[in-house]
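The primary structure of each chain is shown beneath.
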Amino acid sequence: MGVAFDSISFKASLCDGCGDCMTACSQAKGGASRISIVPGAKAGSFETALCRQCGDPKCVQVCPSGALDKDGGNGIIGWDASKCVDCLLCTAGCAYGGIAVDESVARVGKCDQCDGDPACVKVCPTGALEFRKAGSIFNEYGAKEDLFVPGLSGCQGCNSELIMRHAMRKIGRNSVLATPPGCIPGMGSVGYNGKTGTKVPVFHPLLTNTASMLSGIRRYYDRIGRKDIVVMALAGDGGTADCGFHAVSGAAERGEKVLYVCVDNEGYMNTGMQRSGTTPYGSWTSTTPVGEHMQGKTQDAKNLPLIMTAHKCRYVATASTGYMEDLYEKLDRAIAASFEGFSYLHIYSPCPTGWRIPSSKVIDACRLSVDSNFNPLWEYTNTSGLRFTHSPDNAHPVSAYVKMIGKYRHLSPDQLAHIQAKVDEQVALLKLMAAESPPPPAAHRAPAGSSTPAGAEPSQPARREIARN
Amino acid sequence: MNKVSTGKVIVCDGNEAAAWGACLSRPDMVAVYPITPQSSLVEYLAQFIADGRMDADLMDVEGEHTVLSVLHGAVLAGARTYSATSAQGLAFMFEPYFRTPGLRLPMVVSLVTRDAVSPTCVWGGQQDAMTVKEVGWIHMYCETQQEILDTIPIAYKVAEHPDVMLPVNVNHDGNYLSYGVARVELPDQSVVDAFLGEKQVNWHACLDPERPMAVDPLTGGAGGIGPSLFVKYRKGICAGMQDALRIIEEAHEDWGRRTGRYWSPLIEEYRMEDAEVALVTIGSMTGAAKDAVDDARASGKKIGLVKIKTFRPFPAARIAQALSRVKAVGVVDRSVNFGWNCGPVYQEVLAAMYAQPVRIPMMSFIGGLAGADITVEHFAEVVHRTFRLAGGEAATGPVWLNEND
């Protein structure tokens, strides 16, 4: 297995040029800032000059004294002050302006990511800077056993398969899995003619009864003292939001100790891309086609995770493979909660086949769906209320998201306006719920710039407005 | 072993008798949803559990679909389970009901039989149970409150037998048996415990991280081993059903030895030794039918009765043997077989008699629909018509016994 590294990411679209990151860095490092915000090509836009901890670092290559070296463990290019001859060749060698010169001492300043807690990221008020821990997730879980066999017959680029493999790596062998009819058993998790693709006990419940049947398993396991087993579903949106809803609702009401993961690809994709209750307005599906009299689905999607909060579940969260760190953190909390009550995780899962997107664009679609607030990421518990885990502020217009997806190709301006209005409405409602929630514990605090409930760092809207103008 | 235990005597209705039967069988989990005329059965169970008399996990859920679904989960994890339903509840339960025998899940569910809507009707009848007779569940019909209580532990013994591994419905007539009160003897818990023995985990299909397996993978499809595998499963259920005939007899015999109550396991023959005509009955109507037979016998008519206790698997050979010597048969149903314009039990008895060398005239009688009484007078009419049939008159069924009540 290869090694992956954490990194500081920069989203130019969110940067307002305030420079707080530079101040924080120079304070933390006691000298020149290792990060620079510079004017972008367009007026009012900004770029950053920051060490990218390159895989094939030119700074290391040009260093005549061996003072710079890439650490194979954490991927950080370290600078050894005792070896450095202050030639500054590295600053010339770096094409990204990633090594600063500290004029006061005439030495270089090199980003070391502050031991995984970068000062610049912490102060960024807009969320333009983010410390992405995908590398450590890969290192930690990539080595764990994949609990599905290779060769599951998912479509090329299938996001649901990614969810299954990641989720089960995290959850491990001490689990009982139910995969109701849909894409997940369809690709072979439960198997065909006596052969299975899953290495944990797996059951193919009815489309309608997943949560009920899991309740029975959990109750009996609790009764005989086997309380450490994760009893879970990997279910589609149809079996969850539509005909399986009575079972989900009943189990949640009873507080059954079950981890219910809904993999939402917005339709009955396994059976030919028919509409479901979570199919968004305007979507082309095989039962909401585009023609002279109909232009895709005429109803809005049911917001199932929001409905689940009204069930006072132990834990409810939305997640996306576009933000794996967030997904992994939520899996941790969802698993823990499933030993105390009903735990519901709703993972958005673009379907390259049914949505008409190239498989190479699936993760981009995941990201944009979050970044446009089409699928905002949040979590809820019955004690801490609702909080966003990814900023709903500074969102891209939803048009950027729907444009990349073929099932929206026919949208009229009116339909697009309707979708934007519904997204705004939904975010407004979520924000209202977040605002009325108690402050989350520090460990769960959202990154700076998120629209968080009371207790988060106060933002500085006035200054940002100026910078944006 | 042969010491017969006489238990405590109580006075209760059929629903309470069923609840006691379940209680004594020590299920780990009971899932219930109330529906008329089963509702009081649910209440008895809940009270038993509330009182600590019954050590079972009570699942009060949102509907019968979930009732059977949670029990599926529990049985797959190794539990012994119990539930009860009626009519619309059974209909709502049908989707998981359909797959229970296919998964070879040994469970016991009481059907408190009822006529099914429409027209809307909440009273007794056997239309619900008769409608699901082809699904693969074993069906046993009880005549009395005591038989209900005794049949439930017997049903567990049958369901969990390795040669059977099929779910069992213990049926009792809604309204008549569900609400009718009678003297019932409660066997000692120790008697039932000894009778049932240790519960065995159903390793055919089990969800346990210690023994990972995929339960219910997709099976079939054209080509390859799929269709033959599917046939193997189907034949397995058929074989389990046929083996159940023997196991049901053994279990009843064993129960009789321990309690002194020997119920006829498959069919009961009443005054059949020299009978010239026979009635065929099922369920609680049998009491009135026996009285009518006694009355006819008192007036010198050679008549007998065959009560069907086990309806699935159908004891065809035993029926044929019992009826082969009579000149005419009147079959009384409490439900309707719409496609054949007769009662379903009649249809079954006809099929069982087909292999006989002599064609015996038979007639279908349908009574007791929508909670109506089937009285001794009704049965006197059945006796009268059946003797006319034996005398050479053509069959003109079905006769709707309650048509003018």
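Residues numbered from 1 in each chain as written. Chains lettered and ligands numbered in written order. Predicted model: local features only at pLDDT ≥ 70, side-chain atom pairs only at ≥ 80, totals over all residues. Heavy atoms only, no water.

1. Describing the overall build of chain A
What counts here: Helix and strand labels come from DSSP, where a helix needs a run of H or I of at least four residues and a strand needs a run of E of at least two; each type is numbered from the N terminus. Only C-alpha atoms enter the radius of gyration; for comparison, a globular chain is expected to reach 2.2 Å times N to the power 0.38, where N is the number of residues. Exposure is judged per residue with a 1.4 Å probe applied to protein chains only, and the accessible area is read against the type maximum: over 50% gives exposed, under 20% gives buried, and values in between give partly exposed. We call two residues in contact when some of their heavy atoms are within 4.5 Å. Reported accessibility uses the Shrake-Rupley method at a 1.4 Å probe radius. Residues are deemed covered only where the shown protein chains occlude them. Only four residue types enter the charge count, namely Lys and Arg as positive and Asp and Glu as negative; His and the chain termini do not. A charge is said to be at NZ when it belongs to Lys, at CZ for Arg, at CG for Asp and at CD for Glu.
Per the secondary structure count, chain A includes 17 helices and 16 strands. A globule of 469 residues ought to have a C-alpha radius of gyration of about 23 Å, and chain A, at 24 Å, matches this closely. In terms of overall dimensions, chain A has a C-alpha envelope of 70 × 50 × 40 Å along the principal axes. Scored against the burial criterion, the 469 residues of chain A give a buried share of 54%. Residue pairs in contact within chain A that sit at least 24 positions apart in sequence constitute 68% of those at least 6 positions apart. As displayed, chain A offers around 18,900 Å² of accessible surface, 55% of which is attributable to carbon and sulfur atoms. Computed over 47 positive and 44 negative side-chain charges, the inter-centroid distance for chain A is 5 Å.

2. Details of the interface of chain A and chain B
The following threshold applies: Throughout, buried area stands for the accessible area (probe radius 1.4 Å) lost by two parts on being put together, summed over both. The rule for a salt bridge is simple: a side-chain nitrogen of Lys or Arg has to be within 4 Å of a carboxyl oxygen of Asp or Glu. For this analysis, a polar contact is any N or O atom pair within 3.5 Å, provided that within protein one partner can donate a hydrogen and the other can accept it, and provided that sequence-adjacent residues contribute only side-chain to side-chain pairs. Under the scheme applied, nonpolar residues are Ala, Val, Leu, Ile, Met, Phe, Trp, Tyr, Cys and Pro; charged residues are Asp, Glu, Lys and Arg; polar residues are all the others, including Gly.
Between chain A and chain B, the residue contacts involve 36 residues of the former and 43 residues of the latter. Ranking the residues of chain A by area buried against chain B places N193(A), Y220(A) and R223(A) at the top, with a combined share of 22%. Put simply, chain A and chain B have six salt bridges between them. The salt bridge partner of E62(B) is R254(A), with a shortest N-O separation of 2.8 Å. In this structure, the connection of chain A to chain B is made through 22 residue pairs in polar contact (both at pLDDT 80 or more). Those elements that place two or more of their residues in the side of chain A that touches chain B are β9 (175-178), β10 (202-203), α8 (210-223) and α10 (245-254) of chain A. Looking at which element gives the most residues to the side of chain A that touches chain B, the answer is α8(A), with nine residues. Along the lines of polarity and charge, the residues of the side of chain A that touches chain B split into 15 nonpolar, 14 polar and seven charged.

3. A look at the pattern of salt bridges
Residues and elements named next belong to chain A. Applying the stated rule across the entire model yields 58 salt bridges over all chains. One salt bridge connects K11 with E130, and the closest N-O pair in it is separated by 3.5 Å. On the criterion of sequence distance, the pair formed by K11 in the loop between β1 (7-10) and α1 (20-29) and E130 in strand β8 (residues 129-132) is long-range, its members being 119 residues apart. Classification of K11 as buried rests on a relative accessible area of 19%. The exposure class of E130 is buried, given its relative accessible area of 16%.

4. With respect to the packing of aromatic side chains
What counts here: Only the six-membered ring of Trp is used, alongside the rings of Phe and Tyr, when aromatic pairs are assigned; centres must lie within 6.5 Å, and planes under 30 degrees apart are stacked while those over 60 apart are edge-to-face, with the rest tilted. A ring is considered to have a charge above it if a Lys NZ or an Arg CZ atom is located within 6 Å of its centre and within 35 degrees of its normal.
Summed over the entire model, instances satisfying the criterion amount to twelve aromatic pairs over all chains. Taking 6.1 Å as the distance between ring centres and 90° as the angle between the ring planes, the aromatic pair formed by Y141(B) and F311(B) counts as edge-to-face. Taken together, the residues Y141(B) in strand β6 (residues 138-141) and F311(B) in strand β13 (residues 310-312) connect sequence positions 170 residues apart. Assigned by exposure class, Y141(B) and F311(B) land together as buried. One cation-aromatic arrangement involves R367(A) over Y323(A); the distance from NZ or CZ to the ring centre is 5.8 Å.

5. Digging into the domain arrangement of chain A
Residues and elements named next belong to chain A. Stated formally: Note that the domain bounds were set by an automatic or database domain assignment.
Domain parsing of chain A yields domain 1 (7-134) and domain 2 (138-436). Computed from C-alpha coordinates alone, the two centres of domain 1 and domain 2 are separated by 37 Å. Buried area between domain 1 and domain 2, summed over both chains or domains, comes out near 720 Å², and the portion from carbon and sulfur atoms is 40%. Taken together, the links from domain 1 to domain 2 amount to one salt bridge. The partner of R132 in a salt bridge is E325, and the shortest N-O contact between them spans 3.5 Å.

6. So, the packing of α10(A) against helix α3 (residues 64-77) of chain B
The criterion, for reference: What counts as an axis is a line fitted to C-alpha atoms, over the stretch in contact for a helix, and the angles between N-to-C directions run from 0 to 180 degrees. Each angle is binned into one of four classes, with values under 35 degrees roughly parallel, values over 145 roughly antiparallel, values of 65 to 115 roughly perpendicular, and all other values oblique.
As a packed pair, α10(A) and α3(B) sit with axes 10 Å apart at the nearest point and diverge in direction by 70°. One way to sum up the angle between α10(A) and α3(B) is to call them roughly perpendicular. On α3(B), the residues touching H246(A), A247(A) and R254(A) of α10(A) are H65(B), T66(B) and V70(B). Here the residues of the contact of α10(A) with α3(B) are counted per class, giving two nonpolar, three polar and one charged.

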